[in-house]
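Observations on the model geometry
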Amino acid sequence: MSGNTGSIDKKLLLFVMLISLLTVALLTYEPLQSSPANLQTFSYETYLYQPNVPQNEQRVVCIVFDDGWLNQYTNALPILDEYGFKAAFSIITAYPDKVPEYMSWKQIQTLHNQGHVIGSHTVDHFTLDTLDATSIEYQLSKSKQDLLEHGINTPLFVYPEGKGAGDSNIENLVQQYYCIARSIDHAPLNMSQSLNPYTLPAYSIEKSTTMDLFTRYVNQANGSTIVILYYHHISDSSADTSVITEDFVAQMQYLYDNNFTTQTLNQLFTSVVVNENI
């Protein structure tokens, strides 16, 4: 009789364990969002990052401003507002409130509050390929902390001068603090293929960029093929990286007239908050 009781107890225990496993599986199951068959998912802190591929009929362009120059706020922002476009602004975090030619922290927070993306462009704009691992980590972690102290928890990093993108050792350090990183490789971003979120390509738009060249860049955008554009100065400066205001207006007008959709890099990758308590 006692042997039968032991057998029953073991079966009951196995049944309870099976029910427990099934319960955990059901509670933790989350269906994948619609995406390509080779979907990649990147985890960072409290967020789940995965490519959010545009619809086939969409023509998506992402606009990024490098360095945090003041003329991006005074000259570019009113034009973006006029067309209803959102952009990303990568900030050299040692400069706000210290170098007059750059945006203040108050202006940067205003951009953030208006729905623009604020990214890290390091603390001092040193090119990462010239630094040792300790110095690289300082540039990455300190710039992240500077932004956090002003209420901005960014997933985005932009390599100064594009240097370090494609170097696996540097990318391994970058991904300790950021989820996506933009390089300067002149190419469209094809989100239907396997991609490296730490080498997102982009086209530089500057003084020498003709309207014909600009249209050739952006007209590659179609469905899963995204075009990222990056700017420095929006002003009448003689700098090679400067785009005069009239040309910037014409470029934004072209996007507007030809039904392009502007998205931020976060919109292309950020999915959901997993656990706000982490």
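All values derive from a computational prediction rather than experimental measurement. (Residues numbered from 1 in each chain as written. Predicted model: local features only at pLDDT ≥ 70, side-chain atom pairs only at ≥ 80, totals over all residues. Heavy atoms only, no water.)

Another aspect to go through is unusual backbone geometry. Notably, Asp97 is not glycine yet its phi reads approximately 70 degrees, a positive angle. Position of Asp97 relative to the elements: it lies in the loop between β4 (88-91) and α3 (105-113). Not every positive phi belongs to a glycine, and Asn259 is a case in point at roughly 60 degrees. Mapped onto the elements of the fold, Asn259 is located in the loop between α7 (245-257) and β13 (261-262). (Helix = DSSP H or I, 4+ residues; strand = E, 2+ residues; numbered from the N terminus.)

Glancing now at the nonpolar core. Membership of the largest hydrophobic core comes to 36 residues, with the highest contact counts inside it found for Ile63, Phe65, Tyr231, Phe248 and Met252. Secondary-structure elements contributing two or more residues to this core are β3 (60-67), α2 (70-83), β4, α3, α6 (211-218), β10 (225-231) and α7. The dominant element in this core, judged by the number of residues it contributes, is α2, at six residues. Once residues lying within four places of it in the same chain are set aside, the contact partners of Phe65 are Gln72, Ala76, Leu80, Ala87, Ala88, Phe89, Ser90, Tyr231, Ile234 and Phe248. Residues Cys62, Val64, Leu200 and Ala202 belong to the second largest nonpolar core, which totals 19 residues. (Core = buried A, V, L, I, M, F, W, Y, C linked by side-chain atoms within 4.5 Å. Buried < 20%, exposed > 50% of the residue type's maximum accessible area, 1.4 Å probe, protein only. Contact = heavy atoms within 4.5 Å.)

This paragraph deals with the side chain of Ser90. Note on placement: Ser90 falls in strand β4. In terms of polar contacts, Ser90 uses its side chain to reach the side chain of Asp66, at 3.3 Å. Non-local contacts of Ser90, meaning those with residues more than four positions away in its chain, are made with Phe65, Asp66, Asp67, Gly68, Gly119, Ser120, His121 and Val158. (Polar contact = N/O pair within 3.5 Å; in protein donor to acceptor, adjacent residues only side chain to side chain.)

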